[in-house]
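Chain residues, written in single-letter form:
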Amino acid sequence: MRVLLTGHQGYLGSVMAPVLTGAGHEVVGLDSGLFAGCVLGPAPDDPPGHPVDVRDVTADALAGIDAVVHLAALSNDPLGSLAPELTYDVNHRASVRLARLARDAGVRRFLYASTCSVYGASGSDLVDEDAPLRPVTPYADSKVRVEDDLLTLADDDFSPVFLRNATAFGFSPRLRADIVLNNLVGHAILSGEVRVLSDGTPWRPLVHAADIAAAFARALTAPREAVHARAFNVGTEQNNVTVAEIAAEVAEAVPGSRVVITGETGGDTRSYRVDFSRVRAALPGYEALWTVKAGAAQLVEAYGRSGLTEEDFRTRFTRLAWLSARRRAGSVDGALRPRGVVGSDG
Ligand SMILES: NC(=O)c1ccc[n+]([C@@H]2O[C@H](COP(=O)([O-])OP(=O)(O)OC[C@H]3O[C@@H](n4cnc5c(N)ncnc54)[C@H](O)[C@@H]3O)[C@@H](O)[C@H]2O)c1
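Before going into details, it helps to say that this report is about the structure given with it. Just so it is clear, the structure is predicted and the values come from calculations on it, not from any experiment. (Residues numbered from 1 in each chain as written. Predicted model: local features only at pLDDT ≥ 70, side-chain atom pairs only at ≥ 80, totals over all residues. Heavy atoms only, no water.)

1. Here's the deal with the site of the ligand
Around the ligand, 31 residues are found, and the nearest of them are Asp 31, Val 54, Leu 71, Ser 75 and Tyr 139. Between the ligand and the protein, one listed contact pairs an oxygen atom with a side-chain N or O atom of Ser 75 at 2.7 Å. When the ligand sits alone it has 820 Å² of accessible area, and the protein chains cover 98% of it. Contributing elements (two or more residues each) for the shell around the ligand: helix H1 (11-22), strand E5 (109-115), helix H4 (138-151) and strand E8 (167-169). (Near = heavy atom within 4 Å. Polar contact = N/O pair within 3.5 Å; in protein donor to acceptor, adjacent residues only side chain to side chain. Areas by Shrake-Rupley, 256 points an atom, 1.4 Å probe, with all protein chains shown as cover. Helix = DSSP H or I, 4+ residues; strand = E, 2+ residues; numbered from the N terminus.)

Set out below in structure tokens:
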């Protein structure tokens, strides 16, 4: 299959590209390269790609493509809250436009990277895919809007599929340290403290980046009737954990570190425990295998091997800080297009 992978130079995309290639697909990337330099250790070998902003994609990028895996987005709550309008432009409007172009070009399957944070404030009952969606941030709301709009595009020849990923963790050659486990491990290594800013009680389902990649790879080739116009939570019940439990795992993985729960941000309204049975039933043989413990150990090893610095931890691997630094330096414009990429104002 010829697959267009948007966001291939991001945290998940850099793990997913070799998984899809390894499964025998011909992968073509598309990414504006906002975080292409956010590399921990040796740079990955990227597939060929279009250096294009997803807001400016044209039909030629879809010609001859069998399936789209759409990851490109402003990828977390702080980024989304910084510039809600940009988040809706990139995450919502550009995604729907891309899906329309794909459908018009005869692409048959469109895998969309959604998130379990669409469940928002859902308390401690297990939520499945039919649970009410209660997004509490512009980021999560943008994901709900895409799901709604893509559903209206589904027809006999075009299958949108919504993969609602739990919060990712684990090594990627393009690391993110602003997601909970990666952040807590890095902080513990650098300071000796596993620092939790909330009161530790929110539920956060976690899933390893490699387990997300495996789910997408299977969803690409699953029979149409198993996935057509359906949503799937991606993760495993064994990783439905509270932030305090995640912190305890980190303290065990990082010798000499201790947990400090500051509570300075109080309770967190984003709390959800998730049922993952549908993805296992629809994609036979699929199981998210990585535990939080194994992921913490992997990160300790990766950070140690590459000699993680405080500066890189705070800036290069923190999406919001990195974009702010690039804007100050003038290499990214006010609409978050890197200078020189199609459509940028410089
Ligand atoms: N990492 C997680 O915990 C997680 C959980 C659930 C869902 N997701 C979703 O998975 C996807 C990938 O997440 P990630 O963690 O790899 O994020 P990331 O920020 O590492 O990667 C996003 C990629 O998209 C690209 N991009 C952003 N805006 C673009 C634009 N306007 N045009 C072209 N490219 C653009 C960036 O350059 C980057 O390479 C996102 O849609 C995210 O919302 C991630």
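So that's the structure; there's more coming.
2. Quick look at the nonpolar core
Counting residues in each nonpolar core, the largest one holds 63 residues, and the members touching the most others are Val 57, Leu 62, Val 68, Phe 110, Leu 181 and Val 250. Ranked by residues supplied to this core, first place goes to helix H3 (residues 84-104) with eight residues. Filtering out sequence-adjacent residues up to four positions away, Val 250 remains in contact with Leu 181, Leu 184, Val 185, Ala 188, Val 194 and Ser 257. Among the nonpolar cores identified, the runner-up in size contains 46 residues, and Val 3, Val 69, Leu 111 and Cys 116 belong to it. (Core = buried A, V, L, I, M, F, W, Y, C linked by side-chain atoms within 4.5 Å. Buried < 20%, exposed > 50% of the residue type's maximum accessible area, 1.4 Å probe, protein only. Contact = heavy atoms within 4.5 Å.)

3. Some remarks on the sheet that holds E5
Spatially, seven strands are ordered E3-E2-E1-E4-E5-E7-E11 in an open sheet, and the strand pairing comes out parallel. In this open sheet, the two edge strands, each paired with only one partner strand, are strand E3 (49-50) and strand E11 (231-234). Against the sheet, H4 contacts E5, strand E7 (159-165) and E11, and its axis sits at roughly 155° relative to E5. Along the sheet, helix H6 (residues 209-221) contacts strand E1 (2-6), strand E4 (67-70), E5, E7 and E11; its crossing angle with E5, the most-contacted strand, is approximately 150°. (Pairing = 2+ DSSP bridges. Axes fitted to C-alpha atoms, helices over the stretch in contact; angles between N-to-C directions.)

4. A few points about the packing of aromatic side chains
Scanning the entire structure with this criterion turns up one aromatic pair. With centroids separated by 6.2 Å and ring planes inclined at 50°, the aromatic side chains of Phe 110 and Phe 158 adopt a geometry described as tilted. Here Phe 110, found in strand E5, pairs with Phe 158, found in the loop between H4 and E7; they are 48 residues apart in sequence, far enough to count as distant. Each of the two residues, Phe 110 as well as Phe 158, counts as buried. Here the guanidinium or amino end of Arg 273 rests over the ring plane of Trp 203, the centre of that ring lying 4.8 Å away. (Phe/Tyr/Trp six-rings, centres within 6.5 Å; stacked < 30°, edge-to-face > 60°. Lys NZ or Arg CZ within 6 Å of the ring centre and 35° of its normal.)

5. As for the packing of H3 against H4
Relative orientation of the contacting elements H3 and H4 amounts to 20°, with a least axis distance of 9 Å. The orientation of H3 relative to H4 falls into the category roughly parallel. Helix-helix and strand crossings are classified by hand; for H3 and H4 the assignment is right-handed. Between H3 and H4, the contacting residues are Pro 84, Thr 87, Tyr 88, Asn 91, His 92, Ser 95, Val 96 and Ala 99 on the first element and Pro 138, Tyr 139, Asp 141, Ser 142, Arg 145, Val 146, Asp 149 and Leu 150 on the second. Across the contact of H3 with H4, the residue classes tally to eight nonpolar, five polar and three charged. (Parallel < 35°, antiparallel > 145°, perpendicular 65-115°, else oblique. Left-handed = near helix turned anticlockwise from the far one by under 90°. Nonpolar A, V, L, I, M, F, W, Y, C, P; charged D, E, K, R; others polar.)

6. Some details on the sheet that holds strand E12 (residues 240-242)
Strand pairing in a sheet is mediated by backbone hydrogen bonds. Such pairs are either parallel or antiparallel. Ordered by their spatial adjacency, three strands build an open sheet running E8-E10-E12, and the pairing between neighbours is mixed. The open sheet has two edge strands, E8 and E12, and neither has a second partner. Strand-to-strand twist of the sheet, defined as the mean angle between neighbouring strand axes without regard to direction, takes the value 50°. Direction of pairing for E8 relative to strand E10 (residues 203-208): parallel, over a ladder of three bridges. Following the sheet pairing, Phe 169 is matched in E10 by His 208. Sitting on the sheet, helix H8 (residues 243-253) touches E10 and E12, and the angle it makes with E12 is about 85°.

Geometric values such as these leave the question of function open.
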